[in-house]
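The residues making up each chain are set out below.
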Amino acid sequence: MSGYLVSDTRKVTTHRFIEMKQRGEKISMLTSYDFTTAGIVDCAGVDGILIGDSASNVMVGNTTTLPMTVEQMIYHAKAVVNGVKRALVVCDMPFGSYQVDRKEGVKNAVKIMKESGCDALKLEGGAEIIDTVKGILDAGIPVMGHLGLTPQSINKFGTYAVRAKEEAEAEKLMADARLLDETGCFSVVLEKVPAKLAAEVTKELSVPTIGIGAGGGTDGQILVVGDMLGMTKGFSPRFLRRYADLNTVMTDAIGRYVADVKDNTFPNESESY
C-alpha cells in the first residue's frame, strides 16, 4: 500500500509523530468512524486517524458528544482499525469514562485498547485529570492530550466559542500543556484557541501540537472527515475548509438511482443473471 502523497509505507507510531515535529514536518490527521471511510483516508496518506467522540454528532445525530459510551467507542474504533494499515489510530475516551477517578480511567483505557486494537487514546483536560493520565501512561498506553475547547465540558463552558482569549485562561492552557508534555503525553490537540497562543504553546512543547481552529503555527492539523468532504451542510465554522461537495454528489447519484428504479431502466439486461 502506498499513499496518494506518501511513499513511506511504514506504520506511523507515536514516536514518529515526535520525530516529525523535530524535523519540522507537518502532521495531517482526520477523523473516521467506519471501516470503509478509514481505508480511504489511510490510503490517501494521512499520518493519523482519530476515532472522535464526535461520532455522537456525525454518526448518531446527537447535539453533544456526551452520550457516547465506552462500548460505542470500541465498536467504531474496531471498525476503523480494521480499515487502516499505515496511519496512527487514536481513540477518544468518552465523557464519564475517566473523569471519576484514576482506577476507573485506567480500567476503561485498558478495555478500549484491548478490545479495539487502536494505537493510542485521547483525553480532554489538563491538571484536573493528570493523575489519571499518569495511570494510563503507567499501564503502557500512549496518551494524546486535548486542551482549549473541550467538547465534553460544553455544559461548563455553555458555548462552543473560542477559548483562552483572556489572560488567565491562556496562562492555564500553557501550564496544562507543559504538564501534559512533562507527564509523557506524545502530542496535544489544541481546539479553537487564538493562533498566537497556539503557536507559543507549540514552541514550548517537546511533543507535537495538533490544531483545529488554532491557526497554522501548530505542528499538525485535524478536521472531521465528513465536514472537510462537504457531506455536512449546516456546519460552517471559520476554521473549516471544504475540499469536496459530497453532499451534492451523493444526493445527485441517489436521485438518479431512484429515477432509474422508478422508470424500470435499472437493472438492465446486462445487470441481470
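The present account deals with the structure reproduced in this document. For clarity, every value in this text was computed on a predicted model and none was experimentally measured.

## Focus: helix 11 (residues 246-262)
Part 1 of the argument: Helix length check: helix 11 (17 residues) gives 24 Å between terminal C-alpha atoms against 24 Å at 1.5 Å per residue, within 8%.
Part 2 of the argument: Just downstream of helix 11, asparagine 264 is the residue with a positive phi angle, here 65 degrees.

## Things to note about the packing of helix 5 (residues 102-116) against helix 6 (residues 130-138)
Part 1 of the argument: Running from N to C, helix 5 and helix 6 point in directions that differ by 40 degrees, and their axes come no closer than 9 Å. Regarding the angle of helix 5 to helix 6, the classification is oblique. Relative to helix 6, helix 5 is oriented so that their crossing is right-handed. Mapping the contact onto sequence places Arg102, Gly105, Val106 and Ala109 in helix 5 and Asp131, Thr132, Lys134, Gly135, Ile136 and Asp138 in helix 6.
Part 2 of the argument: When its residues are assigned to classes, the contact of helix 5 with helix 6 shows 3 nonpolar, 3 polar and 4 charged.

## Some words on the sheet that holds strand 2 (residues 48-51)
What holds strands together in a sheet is hydrogen bonding between their backbones, with the strands either parallel or antiparallel.
Part 1 of the argument: Strand order in the closed barrel made by the 8 strands is 1-2-3-4-5-6-7-8, with parallel pairing throughout. The mean angle between the axes of side-by-side strands here comes to 25 degrees, regardless of whether they run parallel or antiparallel.
Part 2 of the argument: Judged from the 4 bridges that link them, strand 1 (residues 27-31) and strand 8 (residues 220-223) form a sheet pairing that is parallel. Following the sheet pairing, serine 28 is matched in strand 8 by glutamine 221.
Part 3 of the argument: Packing against the sheet, helix 1 (residues 14-22) makes contact with strand 1, strand 2, strand 3 (88-92), strand 4 (120-122), strand 5 (143-148), strand 6 (187-191) and strand 7 (209-212), and its axis sits at approximately 135 degrees to strand 1.
Part 4 of the argument: Those strands touched by helix 8 (residues 167-183) are strand 5 and strand 6, and its axis lies near 175 degrees from that of strand 5.

Parameters at a glance
- Residues numbered from 1 in each chain as written.
- Predicted model: local features only at pLDDT ≥ 70, side-chain atom pairs only at ≥ 80, totals over all residues.
- Heavy atoms only, no water.
- Helix = DSSP H or I, 4+ residues; strand = E, 2+ residues; numbered from the N terminus.
- Expected span 1.5 Å × (residues − 1).
- Axes fitted to C-alpha atoms, helices over the stretch in contact; angles between N-to-C directions.
- Parallel < 35°, antiparallel > 145°, perpendicular 65-115°, else oblique.
- Left-handed = near helix turned anticlockwise from the far one by under 90°.
- Contact = heavy atoms within 4.5 Å.
- Nonpolar A, V, L, I, M, F, W, Y, C, P; charged D, E, K, R; others polar.
- Pairing = 2+ DSSP bridges.

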